[in-house]
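# Descriptive structure summary
Listed below, chain by chain, are the residues.
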Amino acid sequence: MPLEDGDTARQRGQWVNGKVSGTAWLGETEDPQLQDMTAPDGSRTEPALGDKDMTLRGAPQQGGQSEEALMTELSELVQKVVKNSSWWERHGVDISILSCSFLLLPAGFLCLRSAQAIPFLAGVLTLGVVHHTLTVKGSHLASHNALTESKSWGKVWAIFFIELCSAFTVEQATYNHVKIHHGYTNVIGLGDSSTWKLPFLNRYVYMFIAPLAVPILTPLVALDLLRNVEWKAALRTLCCMFLGLYCHYWLLLHVSGFQSPWSALLCMLLTRSLLAHPYIHVNIFQHIGLPMFAANRKPKRIHLMSLGVLNLPRNALLDWSFGHSLISCHVEHHLFPSLSDNMCLKIKPIVSQYLKQKKLPYNEDTYASRLRLFLQRYEELMVHAPPITELVGIQ
């Protein structure tokens, strides 16, 4: 459901024809292993006000079903699919994609040795896709412990993908993404994706030039956030970040044969920013421009996610590099965040059919349509504060 200019109700920040909301799968708003998780600096995030007691104006129960019953019913349908799925479906497919990416690394570095344009560009493309597969897909799955059912191994994979490959800190990444973004999706001041906004940039600089700086900004932001974590975690993060960046640099010099440090650093920037544009775009397309809520007046989980999350169409390159849960199954991912990309794809027909059957929103739009929308309404969506949705007529 793209946000169109002519949609008067949404421009007023109102949603008119919704249905009933519900509670989270397994009773939580985030992954079970991160229940009661404190912030990296030791502070705690208080639950949003009114989640239990809020009364929706003009909101009679549909068919006698309570808000909790809807999410419970959907959860049971999904759990049945998960229980009947093999390990290969639950974890193996995504682990295989990540493993294949590792196996492509030698070919990518060796292609960069060539003085001919086509093999060299093939090397840049290979390393760029591999980098984003490990840092986006791998880090995202690891942050939700979706790669394994072991919490211990989950921590190991989180450190590997988030700190070693992505040059970020595990504690801040998991807290900000899992606890805040997933727990308070589209809630103003918490999970409203405002961290992706740079209002001092104009629309064309932000959408087409600024993404090239992502590889540089990511470790700098991580270093700044290390002030909020314990010294042991900060030391571990520094070591992992340095090791990951230096290994990439060393391989370019000694395997790919770059003659100068600056040429190697330029190649690092090129490969690490290859898919930075869709990375930034996806992060804003799927939440910003959809209904936003105040912390003390937000609907419960099933309604919050159906209103505030959007799916993009299948795309072979982005499905491989970013994962289904970030592209075509983002609604499913926000409803059931601990499931792997492949499992999100498997439950997609069930979730979409259920939400449509219950007359709940199931937002879908194309990449090109969202790009046009953000270019046309950049000031409204990315510069000014978004309007708070009025919970009017939610039934």
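Residues numbered from 1 in each chain as written. Predicted model: local features only at pLDDT ≥ 70, side-chain atom pairs only at ≥ 80, totals over all residues. Heavy atoms only, no water.

Taken as a whole, the largest pocket spans an internal volume of roughly 1,600 Å³. What lines the largest pocket is a set of 49 residues, and nearest its centre among them are F168, T195, W196, Y279 and N283. Elements supplying a minimum of two residues to the lining of the largest pocket: α4 (117-143), α5 (151-165), α6 (170-182), α8 (214-225) and α11 (276-285). When its residues are assigned to classes, the lining of the largest pocket shows 26 nonpolar, 21 polar and two charged. (1 Å grid on protein atoms, 1.4 Å probe; cavity = no way out; pocket = protein on both sides within 12 Å on 5 of 7 lines; lining within 4 Å. Points joined across faces, edges and corners; volume = space filled by probe spheres on them. Helix = DSSP H or I, 4+ residues; strand = E, 2+ residues; numbered from the N terminus. Nonpolar A, V, L, I, M, F, W, Y, C, P; charged D, E, K, R; others polar.)

The end-to-end C-alpha distance of α4, which contains 27 residues, comes to 38 Å, matching closely the 39 Å that a straight helix rising 1.5 Å per residue would cover. Trailing α4 by a residue or two, N145 shows a phi angle of about 55°, which is positive. (Expected span 1.5 Å × (residues − 1).)

When two helices pack together, their arrangement is given by the angle between their axes and by how far apart the axes lie. Across the interface, α5 lies against α6 with an axial gap of 9 Å and an inter-helix angle of 100°. In terms of orientation, α5 and α6 fall into the roughly perpendicular class. Between α5 and α6, the residues in contact are K155, A158, I159, I162 and E163 and V170, E171 and A173, respectively. The residue inventory of the contact of α5 with α6, partitioned by class, reads five nonpolar, no polar and three charged. (Axes fitted to C-alpha atoms, helices over the stretch in contact; angles between N-to-C directions. Parallel < 35°, antiparallel > 145°, perpendicular 65-115°, else oblique. Contact = heavy atoms within 4.5 Å.)

To continue, consider the UniProt feature "transmembrane region" (unreviewed entry) in the protein. Residues annotated in UniProt with the feature "transmembrane region" (unreviewed entry) correspond here to residues 204-226 and 233-255. The span residues 204-226 is 78% helix and 0% strand, and its two end C-alpha atoms sit 32 Å from each other. (UniProt positions renumbered as here; feature names shortened; annotations may be inferred.)

There is a patch of nonpolar side chains on the surface, built from I216, L217, L220, V221, L223 and L238 and spanning about 510 Å² of accessible area. Ranked by residue count, the leading element in the nonpolar patch is α8, at five residues. Relative to the helices and strands, L223 is located in helix α8. Given the relative accessible area of 40%, L223 is considered partly exposed. (Patch = residues over 30% accessible without salt bridge, like charges linked within 9 Å, V, L, I, M, F, W, Y side chains within 5 Å. Areas by Shrake-Rupley, 256 points an atom, 1.4 Å probe, with all protein chains shown as cover. Salt bridge = Lys/Arg side-chain N within 4 Å of Asp/Glu carboxyl O. Buried < 20%, exposed > 50% of the residue type's maximum accessible area, 1.4 Å probe, protein only.)

As a further point, take the packing of aromatic side chains. Counting across every chain of the model gives 13 aromatic pairs. Taking the centre distance of 6.2 Å and the plane angle of 75° together, the rings of Y279 and F322 count as edge-to-face. Here F322 lies in the loop between α13 (316-321) and α14 (330-335) and Y279 lies in helix α11, a separation of 43 residues in the sequence. Each residue in the set F102, W153, W157, F160 and F161 is aromatic and connected to the rest through ring pairs, giving one cluster. (Phe/Tyr/Trp six-rings, centres within 6.5 Å; stacked < 30°, edge-to-face > 60°.)

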